[in-house]
Amino acid sequence: MTSAILLVTYAVTAGTLGAGWLRDARWPTLAPRLAIAAWQALAASVLLALAAGGLALAISFPHVSADLAGLLNLCAENLRHGYASPGGTLTALIGLALFMTLLTRAAWCAFRTTTTDRRERVSRIAALDLVGRTNIVPGALVVDHATPYAFCIGGRRHRIVVTSGLLATLDPVELDAVLAHEHAHLRQRHHLALILCRILFATLSPVFPAFRAAMTRVRMYAELCADDSARRHVDVGPLRDALLRLACLPAPTGALAASALDVETRLLRLEDRGAGLSRPSVALVAFAIGAGILVPLLLAAGPALAMAWEGICLLG
Amino acid sequence: MQQFGDLEAVVMEHLWSTGEPLTVREVLERIDREPPLAYTTVLTVMDNLHRKGFLTREREGRAFRYQPVKDRAEHTAELMHALLSDSGDASITLLRFLDQMSPAEVKRLKRALDD
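Residues numbered from 1 in each chain as written. Chains lettered and ligands numbered in written order. Predicted model: local features only at pLDDT ≥ 70, side-chain atom pairs only at ≥ 80, totals over all residues. Heavy atoms only, no water.

1. Quick notes on the overall build of chain A
And then number 1: Per the secondary structure count, chain A includes 12 helices and 3 strands.
And then number 2: For chain A, the share of sequence-separated contacts (at least 6 apart) that also reach a separation of at least 24 residues comes to 73%. (Helix = DSSP H or I, 4+ residues; strand = E, 2+ residues; numbered from the N terminus. Contact = heavy atoms within 4.5 Å.)

Laid out in structure tokens, this is it:
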């Protein structure tokens, strides 16, 4: 019971306070790659803790412990003491319901996200291949369209797409910078990271509202990662110029998703060679990420580990 | 079906640039490939395109004469509209270099940069 209480308390705290803190934190723009990992670890941690908590409540140890004790060479009595649910059948059923709900929800989110993504990816690439020209810009598809756009579609079959409008707006050096940014997305396989994030956040969002804003954050961090990576291949000036020129164009109708603040952040980061996150901070975040995964596992296995350590056995 | 992907683009390209309905044989003649394509290959591709709704056809004797349903510009415009009207959060397949900003946001950005 202690195990279950600790796990659920940890999950709720991490899912509400922890997620809220990460959502409002300032450091992610200094270390976007780490920030994406932090969000993934946080969500995975909450999921693990809830699942383990439900399982800890659900497992009816009087039936199981005899075998487990045999396996672990521990005293059945002590195990039961650590994991027993005083509520009996009711708490066990609640625990089982929690575990099964979570498992089903996670599986459903995973299934839906991956199939939708694959279907969209395949149909979009097919449609783009039909109208796009490959002989104008090496490594990219050019589509006849007046509005400047540049985007990439990741995956085993991947594409970088630019419109004729973009070719007309940017000079060759700026175009190279934009292409370097898109190549960075593909090289770093951001689409995989985003799919994982989507699955994790979608699983938790109904119960933990703080994760609803997470997807937007993570997409922004992916852009920052691509900017950082592009800087290693092209001069920062053209990249910044391209971003500025494209941002200030009058926008036609369509999804108007970007905020001035986001663009400003990107421009400022491209302006000065920022120091990034300090080493101690990086170490701290990395530690927190590792802890986030380990803590639920340790809490779940805690009583069993403690007893193994002490080697106390009442019955012999 | 995957292997025909780039052939579909080639066939559409010829039909769009010619601007008039063509039979399978006429398209085959226009495609310059080494080794040359088989008639049945081009037939299959054009049949697929018809099935997918990109081409219409009219019977002429024993063969069909195909033409595109939409011209290239219409096709592209529809495609771009579909691709880019997805709300930022819904689509994770497509990563844009820059999401568009509303006029108010553009104004806000310019003001912030002038400071």
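Next, the rest of the story.
2. Re the sheet that holds strand 3 (residues 159–163) of chain A
And then number 1: The 4 strands are arranged 1(A)-3(A)-2(A)-4(B) in an open sheet whose pairing can be described as mixed. Every interior strand has two partners, whereas the edge strands, strand 1 (141–143) of chain A together with strand 4 (94–96) of chain B, have only one. Adjacent strand axes in the sheet meet at a mean angle of 25°, parallel and antiparallel pairs treated alike.
And then number 2: Pairing analysis gives 4 bridges linking strand 2 (residues 150–153) of chain A to strand 3 of chain A, with the strands arranged antiparallel. In the sheet register, A:Cys152 faces strand 3 of chain A, and the bridge partner there is A:Ile160.
And then number 3: Together, strand 1, strand 2 and strand 3 of chain A together with strand 4 of chain B form the strand contacts of helix 4 (residues 72–84) of chain B, whose direction differs from that of strand 4 of chain B by roughly 90°. (Pairing = 2+ DSSP bridges. Axes fitted to C-alpha atoms, helices over the stretch in contact; angles between N-to-C directions.)

3. Description of the pattern of salt bridges
Residues and elements named next belong to chain A.
And then number 1: Under the criterion given, the structure shown has 20 salt bridges over all chains.
And then number 2: Here Arg245 and Glu174 are joined by a salt bridge, their closest N and O atoms 2.7 Å apart. Of this pair, Arg245 sits in helix 10 (residues 236–247) while Glu174 sits in helix 7 (residues 172–187), and the two are 71 residues apart along the sequence.
And then number 3: You can call Arg245 partly exposed: its relative accessible area is 36%. (Salt bridge = Lys/Arg side-chain N within 4 Å of Asp/Glu carboxyl O. Buried < 20%, exposed > 50% of the residue type's maximum accessible area, 1.4 Å probe, protein only.)

4. Things to note about the interface of chain B and chain A
It is common to give the size of an interface as the accessible area lost on bringing the parts into contact.
And then number 1: Listed by partner, the interface residues are 41 residues for chain B and 54 residues for chain A.
And then number 2: Each partner contributes to the roughly 4,400 Å² buried at the junction of chain B and chain A, and carbon and sulfur atoms together form 64% of this total.
And then number 3: The interface formed by chain B and chain A contains 1 salt bridge.
And then number 4: Among the ionic pairs, A:Arg133 bridges to B:Glu13, the shortest N-O distance being 3.8 Å. (Buried area = accessible area lost by both parts, 1.4 Å probe.)

5. Some points on unusual backbone geometry
A negative phi angle is the norm for most residues apart from glycine, just as the trans form is the norm for most peptide bonds.
And then number 1: One non-glycine residue with positive phi stands out, namely A:Arg189, at about 50°.
And then number 2: Position of A:Arg189 among the secondary structure elements: in the loop between helix 7 and helix 8 (190–204).

6. Focus: helix 8 of chain A
And then number 1: A rise of 1.5 Å per residue sets the reference length of helix 8 of chain A, with its 15 residues, at 21 Å; its end C-alpha atoms lie 21 Å apart and thus fit the reference within 8%.
And then number 2: Taken residue by residue, helix 8 of chain A has A:His190, A:His191, A:Leu194, A:Ile195, A:Cys197, A:Arg198, A:Ile199, A:Leu200, A:Phe201, A:Thr203 and A:Leu204 as its buried positions.
And then number 3: Packed against the buried residues of helix 8 of chain A are helix 2 (32–58), helix 5 (89–131), helix 7 and helix 9 (214–231) of chain A together with strand 4 of chain B. (Expected span 1.5 Å × (residues − 1).)

7. Section: the confidence of the model for chain B
And then number 1: Chain-level pLDDT for chain B is 86 on average; 92% of the residues reach the 70-or-more range.
And then number 2: Reported confidence for the predicted complex is 0.84 by ipTM and 0.85 by pTM. (pLDDT = per-residue confidence, 0-100.)

8. A look at the state of the cysteines
And then number 1: Scanning the entire structure with this criterion turns up 0 disulfides over all chains.
And then number 2: We note that A:Cys197 lacks a disulfide partner, and the nearest cysteine sulfur, in A:Cys225, lies 11 Å from it. (Disulfide = S-S within 2.5 Å.)

9. Some remarks on the sheet that holds strand 1 (residues 22–23) of chain B
All names here are of chain B.
And then number 1: Strand order in this open sheet of 3 strands is 1-3-2, and the pairing throughout is antiparallel. Each edge of the sheet is formed by a strand with only one pairing partner; in this case those strands are strand 1 and strand 2 (55–60).
And then number 2: Against the sheet, helix 3 (residues 39–51) makes contact with strand 1, strand 2 and strand 3 (63–68), and its axis sits at roughly 120° relative to strand 2, the strand it touches most.

10. Focus: the packing of helix 2 of chain A against helix 5 of chain A
Residue and element names in this part refer to chain A.
And then number 1: Running from N to C, helix 2 and helix 5 cross one another at 150°; their axes reach a closest spacing of 6 Å. Considering how the two elements wind past one another, helix 2 and helix 5 form a crossing that is left-handed. Residue-level contacts link Leu47, Leu50, Ala51, Gly54, Leu55, Leu57 and Ala58 of helix 2 to Thr91, Ala92, Gly95, Leu96, Leu98, Phe99 and Leu102 of helix 5.
And then number 2: Here the residues of the contact of helix 2 with helix 5 sort into 11 nonpolar, 3 polar and no charged. (Left-handed = near helix turned anticlockwise from the far one by under 90°. Nonpolar A, V, L, I, M, F, W, Y, C, P; charged D, E, K, R; others polar.)

11. Topic: the pairing of strand 3 of chain A
All names here are of chain A.
And then number 1: Counting buried positions along strand 3 yields 5 of 5 residues, so the element is predominantly enclosed.
And then number 2: Of the two faces of strand 3, the one holding Arg159, Val161 and Thr163 and the one holding Ile160 and Val162 are both buried throughout.
And then number 3: In this sheet, strand 3 lies alongside strand 1 in parallel orientation, the contact comprising 3 bridges. When the bridges of strand 3 are listed, Val142 appears paired with Val162.
And then number 4: Between the end of strand 2 and the start of strand 3, which pair antiparallel, lie 5 residues, with Gly155 showing a positive phi angle near 130°.

12. Looking at the side chain of B:Thr76
And then number 1: Residue placement: B:Thr76 occurs in helix 4.
And then number 2: In this structure B:Thr76 touches A:Val131, A:Val143 and A:Asp144, once residues within four positions along its chain are discounted.

13. Observations regarding the packing of aromatic side chains
And then number 1: Tallied over the entire structure, the rule returns 5 aromatic pairs over all chains.
And then number 2: Consider the rings of A:Trp39 and A:Phe211, whose centres lie 5.8 Å apart with planes at 65°: the pair is edge-to-face. With A:Trp39 in helix 2 and A:Phe211 in the loop between helix 8 and helix 9, this pair connects stretches of sequence that are 172 residues apart.
And then number 3: Under the relative-accessibility criterion, A:Trp39 is labelled buried at 0%.
And then number 4: An aromatic cluster is present here, built from A:Trp39, A:Phe201 and A:Phe211 joined pairwise through their rings.
And then number 5: In this arrangement the basic side chain of B:Arg57 is found over the ring face of B:Phe64, its NZ or CZ atom lying 4.0 Å from the centre. (Phe/Tyr/Trp six-rings, centres within 6.5 Å; stacked < 30°, edge-to-face > 60°. Lys NZ or Arg CZ within 6 Å of the ring centre and 35° of its normal.)

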